[in-house]
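# A look at the structure
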Amino acid sequence: MKKIAIIATGGTIAGSGHMGKTTNYKAGTLSVENILASIPDIKSEFDISLFPLLSVDSNEMNITHWIALKKKIDEISSEFDGIVITHGTDTIEETAYFLTLTINTDKPVVLTGAMRPATATSADGPFNLWQAIHLAGSSLSYGQGVLALFSSTIYSARDIQKISNYKIDAFEKANTALGFMKDDEIFFSSRQMKKHTTSSIFSSMDLSHLPEVDIVPYYAGADSYLLHTGAKGIVVMGTGSGNFSMKWKKEIETLQKEGKFFVRSSRVIDGIVFGDEVFDPHHIMIPSLTLSPYKARILLMLGLAYTNDLDKLKEIFVQY
Ligand code: ASP
C-alpha cells in the first residue's frame, strides 16, 4: 500500500454551516478526520497518516505558516510516497507557489480544497480529496513540482489561479492545466518547465529573514504616495501590460535610486508583462512575465533574500 500524509490547514473543505447550504459558513472548523470520514473506502487503498497543522480560513495564512508547512514537508517526505495538503481556495495559489519554490523533495505534493463547505449538499471537498490522494500516490506525479487538484483538473503550483469566487470549477484555466483525472486515472498532458523544488536555489536556503515586499495596485488617478510603503521590494500591479502614469514612473525612478526594487506586473488575469521602453526606459524594473502580482511578490521576497543584484533578479524571474 502507498503511504500518504495529509497535512490539514483548514479552508472551506473543512468548513461547516447550515446543513445543506453553500453560503454563510465558517471555514476551517472541522478536523481532517471528519473530512476523511467522507471517503471511508480510501483507507483500503492507501496507508494514510494525518498531520493537523492549522485550522484556519486561508486568509489567515502568512509567511510563518508557509515556512512551517515547508519544514513539515521536508521533515516527513522521506517516510511517505506522497503528501496532500488541504487548504482554503482563497490563497492556495500563494501557498502552492511558495512551496514549489522552497521544498526540498521531488516526492509528489498535492494541494486541494473545496468551494462548498463539508455540510453543503453536494460538497465538492470529498471528491477533490479522493482524487488528490490518488494523484499524490502516483509515480506519474514524481518530480512535477507542487501540484494542485481541483474538479478533476491538475494544475502546477506556479500557474494555478483562482478565477471564480462562485463556481465549483474555481480554477478553470484550461491553457495552464498540466492534465486531467478521470476518477482515479491520471492523464498528464504537459510539464512545468520552470525551476522548482530540488532544482530551486531557494530549497536549500535559510528562509528565516525574508525581506518585506508589498503589492501596490495602480488605478486611474492613483497617487504616487501609495508607492511609499517602506518595503524593500514593491510589485507594481499595473493596468494592461503593466502600465501606470508618468507620475508613478518618476516616483519609481527616485525610489529605485534609494535602493528599492520594483517588479512590473498587471492586474489583467491573462497575458504577459515584458520589459517596456516607455514605462521603464532604463530597465530598472523586473518584468513579472507570466506571474500574477501575488506570485511575483513571493518570488521577489525569496529573490531578495538571495541577491540584491538587479540583473540576477531579472534572471530569477525568467527561470522560476
Ligand atoms: N475563505 C475560504 C478559504 O480560503 C474559501 C475556500 O476555502 O474556498 O479558506
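As a starting point, this report considers the structure included with it. (Residues numbered from 1 in each chain as written. Predicted model: local features only at pLDDT ≥ 70, side-chain atom pairs only at ≥ 80, totals over all residues. Heavy atoms only, no water.)

### What to know about helix α6 (residues 293-306)
Selection rule: By definition, any uninterrupted DSSP run of H or I lasting at least four residues is a helix, any uninterrupted run of E lasting at least two residues is a strand, and each is numbered from the N terminus. By definition here, a helix of n residues has an expected span of 1.5 Å times n minus one. Exposed residues in this analysis have more than 50% of their type's maximum accessible area, buried residues have under 20%, and partly exposed residues fall in between, with area computed by a 1.4 Å probe over protein chains only.
When the terminal C-alpha atoms of α6 are compared, their 20 Å separation across 14 residues agrees well with the 20 Å that a helix rising 1.5 Å per residue should span. α6 sits mainly inside the fold: 11 of its 14 residues count as buried. Here α6 has its buried residues at Pro-293, Lys-295, Ala-296, Arg-297, Ile-298, Leu-299, Leu-300, Met-301, Leu-302, Gly-303 and Leu-304.

### Some thoughts on the pairing of strand β11 (residues 261-266)
Consecutive side chains of a regular strand alternate in pointing toward one face of the sheet and then the other. Heads up, the rule is: Paired strands, as defined in this entry, are two strands with at least two bridges between them according to DSSP. By the criterion used throughout, a crossover qualifies as right-handed when its path from the first strand across the helix to the second strand runs clockwise, the strands pointing away from the viewer.
With 6 of its 6 residues buried, β11 lies for the most part within the structure. Covered by surrounding structure in β11 are Phe-261, Val-263 and Ser-265 together with Phe-262, Arg-264 and Ser-266, the residues of both alternating faces. By the bridge criterion, 6 bridges tie strand β10 (residues 233-238) to β11 in an arrangement that is parallel. Each residue of the ladder has a partner; that of Ile-234, found in β11, is Phe-262. Between the parallel elements β10 and β11, the chain passes through helix α5 (residues 246-257) in a crossover that is right-handed. Two elements, β11 and strand β12 (residues 285-287), share 3 bridges in a ladder whose sense is parallel. For Val-263, the partnering residue across the bridge sits in β12 and is Ile-286.

### Considerations on the side chain of Glu-93
The line we're drawing: The convention is simple: Lys and Arg are positive, Asp and Glu are negative, and His and the chain ends are not counted. By salt bridge we mean one thing: a side-chain nitrogen of Lys or Arg within 4 Å of a carboxyl oxygen of Asp or Glu. What makes two residues a contact is simply this: any of their non-hydrogen atoms within 4.5 Å.
Positionally, Glu-93 belongs in helix α3 (residues 92-102). Buried within the structure, Glu-93 lacks any salt-bridge partner; Lys-295 is the closest side chain of opposite charge, at an N-O distance of 5.7 Å. Each residue touching Glu-93, except ones within four places of it in the same chain, is listed here: Ala-157, Ile-160, Gln-161, Lys-162, Tyr-294 and Lys-295.

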